[in-house]
Amino acid sequence: MQYKDVNMEAAKRIALVAHDNKKADLLAWAKFNCDLLEHHTLYATGTTGSVFERELGLTVHKLMSGPLGGDQQIGAKIAGSEIDFLIFFWDPLEPQPHDPDVKALLRMAVVWNIPTACNRATADFMISSPLMDRDYNRQVPDYDFHTNRLKQPGS
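**Considerations on the packing of aromatic side chains**
Using the criterion set out here, one finds two aromatic pairs in the structure. Both rings, one in Trp29 and one in Phe89, keep their centres 6.4 Å apart while their planes meet at 55°; by these two values the pair is tilted. Here Phe89 lies in strand E5 (residues 85-89) and Trp29 lies in helix H1 (residues 23-32), a separation of 60 residues in the sequence. There is no split in this pair, since Trp29 and Phe89 are both buried.

Printed below as a string of structure tokens:
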């Protein structure tokens, strides 16, 4: 497969998502890393964004609640190269009624080679990486073949 580089600027666009049982953990992580997060553009689903703005004093672009389409909004932003990072503290022990949306969001992160943290340890390693505050070219599969094949007559 062919690959192409997609530039991630020094100021990253970070999506913050958490299931209900993990919201306190994500908030605690964000408070601990507030000085690092303030240099980046933040997105969040549902009430998470409002809580983060109030508790951290940072501007957060708020989307819909996850079950109401917020997970899909973030997935669309990933596919549109509008999100560089996904911090998603999900609860693997609690069944989620919108589980297909969660899987679709994680799938988009993998398809578009977006760094993704699903727990605090991984988020700590990512946020403290020397790559975090500088430009980075991430390699993304060149999906033009798949897009163009649909335009071919008879396909």
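**Structural notes on helix H4 (residues 70-79)**
Along H4, the residues that are buried comprise Gly70, Asp71, Ile74, Gly75, Lys77 and Ile78. One side of H4 carries all its buried residues, which in axial view fall inside an arc of 160°. Among the structural elements, strand E2 (13-18), strand E3 (41-44), E5 and helix H5 (99-111) are those in contact with the buried residues of H4. Positive phi shows up at Ser81, right after H4, with a value of about 60°.

**Section: the pattern of salt bridges**
Overall, the coordinates contain seven salt bridges when judged by the stated rule. Residues Asp84 and Arg13 are paired through a salt bridge, measuring 3.0 Å at the closest nitrogen-oxygen approach. Of this pair, Asp84 sits in the loop between H4 and E5 while Arg13 is found in strand E2, placing the two residues 71 residues apart along the sequence. Taking the relative accessible area as the measure of exposure, Asp84 reaches 1% and is therefore buried. Linking Glu55 and Lys31 is a salt bridge whose minimum nitrogen-to-oxygen distance equals 3.3 Å.

**What to know about the sheet that holds E3**
The five strands lie next to each other as E4-E3-E2-E5-E6, forming an open sheet whose pairing is parallel. Both outer strands of the open sheet, strand E4 (60-62) and strand E6 (116-117), are each paired with one neighbouring strand and no more. Running over the sheet, helix H3 (residues 46-56) touches E2, E3 and E4 and is turned about 155° from E4.

**Details of empty space enclosed by the protein**
Regions of empty space are outlined by a rolling probe, equal in size to a water molecule, passed over the atoms. In total, this model carries one cavity of 30 Å³ or more according to the counting rule given. Taken as a whole, the largest cavity encloses approximately 30 Å³ of empty space. Along its surface, the largest cavity is lined by Ile14, Trp29, Leu37, Phe85, Ile87, Ala123, Met126, Ile127 and Met132. At the level of secondary structure, the elements contributing two or more residues to the lining of the largest cavity comprise E5 and helix H6 (120-127).

Calculation criteria
Residues numbered from 1 in each chain as written. Predicted model: local features only at pLDDT ≥ 70, side-chain atom pairs only at ≥ 80, totals over all residues. Heavy atoms only, no water. Phe/Tyr/Trp six-rings, centres within 6.5 Å; stacked < 30°, edge-to-face > 60°. Helix = DSSP H or I, 4+ residues; strand = E, 2+ residues; numbered from the N terminus. Buried < 20%, exposed > 50% of the residue type's maximum accessible area, 1.4 Å probe, protein only. Arc of directions from axis to C-beta. Contact = heavy atoms within 4.5 Å. Salt bridge = Lys/Arg side-chain N within 4 Å of Asp/Glu carboxyl O. Pairing = 2+ DSSP bridges. Axes fitted to C-alpha atoms, helices over the stretch in contact; angles between N-to-C directions. 1 Å grid on protein atoms, 1.4 Å probe; cavity = no way out; pocket = protein on both sides within 12 Å on 5 of 7 lines; lining within 4 Å. Points joined across faces, edges and corners; volume = space filled by probe spheres on them.

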